[in-house]
Each structure stands twice: as C-alpha cells, then as structure tokens.
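Tertiary structure, described
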Amino acid sequence: MDAPQTTGSQLTFTETFPDQNYHALSDADIFIFLDKAEKRCSGTTKKGIKALALKCRGHTGVEIAARYGSPPNHVTAWISKAAKMLREEKLTT
C-alpha cells in the first residue's frame with residue numbers, strides 16, 4: 001500500500017484513502033473501505049475501485065486488464081479516476 005501510484009500523482013495508494021490516520025489501517029480495513037467505496041460508485045469509477053483492490057492484493061495492471069478483457073492503459077485510467085474520487089472524498093470529509 002506504500003507503493004507509488006502509477007497515475008503520476010506522486011501519492012501512494014494509502015494516501016488516497018480519506019481516513020486521516022491511514023497508516024493505522026489494517027489490510028482488512030482497507031478492503032472493507034474499498035468495498036464500501038465500490039458500492040457508492042458506478043461505471044469506470046467502480047471498475048477503478050475493483051482494480052485498486054486487486055492491485056492491493058498484488059495483481060499487476062496487465063493481469064487486471066486480462067481479467068476485464070481491456071487494455072492495460074484502461075485499467076490505469078480507471079484507477080486514476082477512482083483515486084481522484086477517493087482524494088476528493090478525503091478533502092470533503
């Protein structure tokens with residue numbers, strides 16, 4: 001979760017979560033958070049949340065793309081959109 005995102009934002013995956021104390025989140029907490037976020041979303045943002053969860057489980061963008069039958073750059077775009085939504089929620093919460 002401390003790996004930099006591939007979106008070029010210079011943020012790590014954990015820094016996209018709205019919880020101010022994100023370093024204290026367990027893996028289980030993160031997946032619960034992503035599951036709740038996924039339920040609030042639709043379309044490509046929802047795909048991005050799912051892809052982000054898969055990334056957190058260690059899957060590569062290429063593996064995720066194969067799962068969805070999409071090009072890897074689409075997966076990167078989905079994750080970027082989902083991360084943006086999560087960052088915006090962080091700012092408003």
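Before going into details, it helps to say that this report is about the structure given with it. Fair warning: this is a prediction, and the values are worked out from it, not measured in the lab.

**A word on the pattern of salt bridges**
Tallied over the full model, the rule gives four salt bridges. Glu88 serves as the salt-bridge partner of Lys84, at 3.6 Å between the closest nitrogen and oxygen. With Lys84 and Glu88 both in helix H4 (residues 72–92) and four residues apart, the pair spans about one turn of that helix. Overall, Lys84 belongs to the partly exposed group, its relative accessible area being 47%. Judged by its relative accessible area of 42%, Glu88 is partly exposed.

**A few points about helix H2 (residues 43–56)**
The end-to-end C-alpha distance of H2, which contains 14 residues, comes to 20 Å, matching closely the 20 Å that a straight helix rising 1.5 Å per residue would cover. Backbone geometry just after H2 places Gly58 at a positive phi near 105°.

**Topic: the environment of Leu54**
Its place among the elements puts Leu54 in helix H2. Classification of Leu54 as buried rests on a relative accessible area of 9%. Residues Leu54 and Phe31, spaced 23 residues apart in sequence, show a C-alpha to C-alpha distance of 9.8 Å. Other than its neighbours up to four places away in sequence, Leu54 contacts His59, Ile64, Arg67 and Tyr68.

**Quick notes on the packing of H2 against helix H3 (residues 61–68)**
Direction vectors running N to C along H2 and H3 enclose 135°, while the axes themselves pass 10 Å from each other. In terms of axis orientation, H2 runs oblique to H3. As for the relative orientation of H2 and H3, their crossing is right-handed in sense. Residues Lys47, Lys50, Ala51, Leu54 and Lys55 of H2 pack against Gly61, Ile64, Arg67 and Tyr68 of H3. Taken together, the residues that form the contact of H2 with H3 break down as four nonpolar, one polar and four charged.

**What about the nonpolar core?**
One finds Leu34, Ile49, Val75 and Leu86 to be the most contacted residues of the largest nonpolar core, which totals 18 residues. Counting only elements with at least two residues in this core, the list comes to helix H1 (27–39), H2, H3 and H4. The element best represented in this core is H4, accounting for six residues.

Conventions and cut-offs
Residues numbered from 1 in each chain as written. Predicted model: local features only at pLDDT ≥ 70, side-chain atom pairs only at ≥ 80, totals over all residues. Heavy atoms only, no water. Salt bridge = Lys/Arg side-chain N within 4 Å of Asp/Glu carboxyl O. Helix = DSSP H or I, 4+ residues; strand = E, 2+ residues; numbered from the N terminus. Buried < 20%, exposed > 50% of the residue type's maximum accessible area, 1.4 Å probe, protein only. Expected span 1.5 Å × (residues − 1). Contact = heavy atoms within 4.5 Å. Axes fitted to C-alpha atoms, helices over the stretch in contact; angles between N-to-C directions. Parallel < 35°, antiparallel > 145°, perpendicular 65-115°, else oblique. Left-handed = near helix turned anticlockwise from the far one by under 90°. Nonpolar A, V, L, I, M, F, W, Y, C, P; charged D, E, K, R; others polar. Core = buried A, V, L, I, M, F, W, Y, C linked by side-chain atoms within 4.5 Å.

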